[in-house]
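Commentary on secondary and tertiary structure
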Amino acid sequence: MFTHRRRWSRGGVWGAAVLVALVLAGCAGSPTWLAPQSPNVGMILNLSLIEFIIALIVFIVVEGMLVYSAIRFSRNRGEASQTEGNTRLEIAWTLAPAIVLLIVFFVSLPTLIKLASPPQSPAVAAAGDPPVAAAQMLRVRVIGHQWWWEFQYPDYKIVTADEMHVPAGMVVSLDVESVDVIHSFWVPQLANKVDAIPGHTNHIWFQSGNVGTYRGQCSEFCGVQHANMLFNVVVDSPDQFQAWVQQQQAPVAAVTGAAAEGEQTFMTGACIGCHTLDGTKAKGTLGPNLTHFASRGAFAGAVLPNTPDNLTRWLTDPQAVKPGNDMPNLHLTKEQIAALVAYLESLH
Ligand code: CUA
């Protein structure tokens with residue numbers, strides 16, 4: 001009986017080790033705040049390291065006293081003396097944690113203040129970052145939907161989804177809200193988390209670093225497809241960003257052939273009830289604005305890479321791909337789907 005239990009517990013230790021290894025392997029290649037790409041996340045990482053060291057010191061002192069007491073006052077050295085209250089000790093173990101918390105508070109304060117509001121000048125730019133164009137700031141309105149993210153650029157009159165473009169080195173100021181339930185906007189390498197709350201606007205800012213694509217994720221449980229509420233932040237060079245703005249501001253181009261058939265299907269079908277194509281009669285607002293759909297790297301909450309095959313799969317039965325989402329199965333024919341794919345993939 002005893003040996004059986006011992007064998008089980010050894011198996012348990014191995015099981016736990018394998019589990020930890022698997023969890024850590026799952027993190028490999030994931031976006032992580034341990035690899036900051038903005039001064040904001042750099043500040044958060046520094047603060048976390050300082051607080052980790054403080055916690056480590058507390059751990060070593062407390063565990064050290066515990067181990068020391070266990071050895072020094074163990075049973076084979078005779079019975080420990082029974083003590084009834086010790087005013088000095090009690091004051092000490094009340095004051096010590098209070099002092100530790102005060103230290104943590106004052107250590108955190110400068111970072112909290114800096115993260116609270118965007119800098120008036122681009123002085124926070126880390127060394128080596130591209131120069132910031134004047135004291136300009138890019139404003140983006142971020143709106144959480146079940147289960148995708150909408151990005152509006154009020155100064156440029158651009159509305160897009162699943163993919164937010166920002167120029168490198170620019171201070172980006174975000175107004176974050178939601179149309180349905182509480183979501184949480186999080187780009188681990190660029191900015192701190194902020195809740196997206198219906199009927200209330202939260203503000204955060206970040207200064208983007210190197211050119212690249214950074215994964216964002218909803219980080220507040222918001223329904224069955226919470227885990228599939230992703231987005232990408234594309235940090236462009238200033239020139240690339242200007243080109244992107246011009247492309248996004250252009251009206252929907254005229255189309256011919258299969259794409260024209262798709263346009264016909266789109267404009268006469270259920271699509272326009274939920275989707276907007278700027279400059280056309282499609283003015284629905286329930287789903288993503290599709291004006292420049294083909295320019296996006298991914299769709300459906302950035303879950304599917306934007307390829308004709310994936311779009312065909314999506315249009316055939318959106319509920320099979322992402323159950324519970326707002327887009328119904330429209331029971332389109334194969335021909336209608338092929339035409340719609342040709343049309344949507346022409347919307348650069
Ligand atoms: Cu939106 Cu989780």
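Refer to the structure printed above.
Described below are features of the structure shown in this document. (Residues numbered from 1 in each chain as written. Predicted model: local features only at pLDDT ≥ 70, side-chain atom pairs only at ≥ 80, totals over all residues. Heavy atoms only, no water.)

In this fold, Thr276 is placed in the loop between helix H5 (258-268) and strand E11 (298-299). Here the side chain of Thr276 touches Gly284 through a polar contact of 2.6 Å, landing on its backbone oxygen. Sequence-distant contacts of Thr276, that is, excluding residues within four places in its chain, are made with Ala282, Lys283, Gly284, Thr285, Pro288, Asn289, Leu290 and Thr291. (Helix = DSSP H or I, 4+ residues; strand = E, 2+ residues; numbered from the N terminus. Polar contact = N/O pair within 3.5 Å; in protein donor to acceptor, adjacent residues only side chain to side chain. Contact = heavy atoms within 4.5 Å.)

Turning next to the pairing of strand E10 (residues 230-236). With 7 of its 7 residues buried, E10 lies for the most part within the structure. Burial of the side chains of E10 extends over both faces: Leu230, Asn232, Val234 and Asp236 are buried on one face and Phe231, Val233 and Val235 on the other. Judged from the 5 bridges that link them, strand E4 (residues 163-167) and E10 form a sheet pairing that is parallel. Across the sheet, residue Glu163 finds its bridge partner in E10, namely Asn232. (Buried < 20%, exposed > 50% of the residue type's maximum accessible area, 1.4 Å probe, protein only. Pairing = 2+ DSSP bridges.)

On to a nonpolar patch on the surface, then. Judged by side-chain polarity, Phe52, Ile53, Leu56, Ile57, Val58, Phe59, Ile60, Val61, Val62 and Met65 come together as a nonpolar surface patch covering roughly 960 Å² of accessible area. Along the chain, the position of Val62 falls in helix H2 (residues 39-72). (Patch = residues over 30% accessible without salt bridge, like charges linked within 9 Å, V, L, I, M, F, W, Y side chains within 5 Å. Areas by Shrake-Rupley, 256 points an atom, 1.4 Å probe, with all protein chains shown as cover. Salt bridge = Lys/Arg side-chain N within 4 Å of Asp/Glu carboxyl O.)

Here strand E5 (residues 171-178) lies mainly inside the structure; 7 of its 8 residues are buried. In this structure, strand E1 (residues 137-145) lies alongside E5, joined through 8 bridges in parallel fashion. By the bridge assignment for E5, Val142 is matched with Val176. One ladder, built from 6 bridges, connects E5 with strand E8 (residues 202-207); its direction is antiparallel. The partner of Val176 across the bridge, within E8, is Asn202.

What follows deals with the side chain of Gln37. Looking at the secondary structure, you find Gln37 in the loop between helix H1 (2-27) and H2. Polar side-chain contacts of Gln37 include one of 3.1 Å to the side chain of Asn210. Contacts of Gln37, omitting those with residues within four sequence positions, involve Gln189, Leu190, Gln207, Ser208, Gly209, Asn210 and Tyr214.

Applying the stated criterion to the full structure yields 11 aromatic pairs. Taking the centre distance of 5.6 Å and the plane angle of 85° together, the rings of Trp149 and Phe185 count as edge-to-face. Placement of the pair is Trp149 in strand E2 (residues 148-153) and Phe185 in strand E6 (residues 183-185), with a sequence separation of 36 residues. A centroid spacing of 6.0 Å and a plane angle of 75° characterise the contact between Tyr156 and Phe241, whose relative ring orientation is edge-to-face. (Phe/Tyr/Trp six-rings, centres within 6.5 Å; stacked < 30°, edge-to-face > 60°.)

Another aspect to go through is the nonpolar core. Counting 33 residues, the largest nonpolar core has Val140, Trp149, Phe151, Tyr153, Met164, Leu174 and Phe185 as its most contacted members. Mapped onto this core, the elements with two or more residues apiece are E1, E2, E4, E5, strand E7 (194-196), E8, E10 and helix H4 (238-249). The residues touching Tyr153, leaving out its near neighbours within four places in the chain, are Leu138, Arg139, Val140, Ile158, Thr160, Met164, His165, Phe241 and Trp244. The next biggest cluster of nonpolar side chains, apart from the first, holds 24 residues, and it includes Met267, Trp314, Leu332 and Ile337. (Core = buried A, V, L, I, M, F, W, Y, C linked by side-chain atoms within 4.5 Å.)

Between H5 and helix H8 (residues 334-344), the shortest axis-to-axis distance is 7 Å and the interhelical angle comes to 105°. Comparing the axis directions of H5 and H8 gives the class roughly perpendicular. Listed contacts from H8 to Ala258, Ala259, Glu261, Gly262, Glu263, Thr265, Phe266 and Met267 of H5 are Gln336, Ala339, Leu340, Ala342, Tyr343 and Leu344. Tallied by class, residues from the contact of H5 with H8 come to 9 nonpolar, 3 polar and 2 charged. (Axes fitted to C-alpha atoms, helices over the stretch in contact; angles between N-to-C directions. Parallel < 35°, antiparallel > 145°, perpendicular 65-115°, else oblique. Nonpolar A, V, L, I, M, F, W, Y, C, P; charged D, E, K, R; others polar.)

On to the pattern of salt bridges, then. Taken as a whole and judged by the stated rule, the model has 2 salt bridges. Between Asp155 and Arg139 there is a salt bridge whose closest N-O contact spans 3.0 Å. Placement of the pair is Asp155 in the loop between E2 and strand E3 (158-161) and Arg139 in strand E1, with a sequence separation of 16 residues. Note that Arg141 and Glu177 form a salt bridge whose closest N and O atoms lie 2.9 Å from each other. Linking Arg141 in strand E1 with Glu177 in strand E5, this pair joins segments that are 36 residues apart in sequence.

One can describe the packing of H2 onto helix H3 (residues 87-116) by two numbers: an axis separation of 10 Å at closest approach and a directional angle of 175°. One element, H2, and the other, H3, form an angle in the roughly antiparallel class. Contacts between H2 and H3 involve Asn40, Met43, Ile44, Leu47, Ile50, Glu51, Ile54 and Val58 from the former and Val100, Ile103, Val104, Val107, Ser108, Thr111, Lys114 and Leu115 from the latter. A breakdown of the residues in the contact of H2 with H3 according to their chemical character gives 11 nonpolar, 3 polar and 2 charged.

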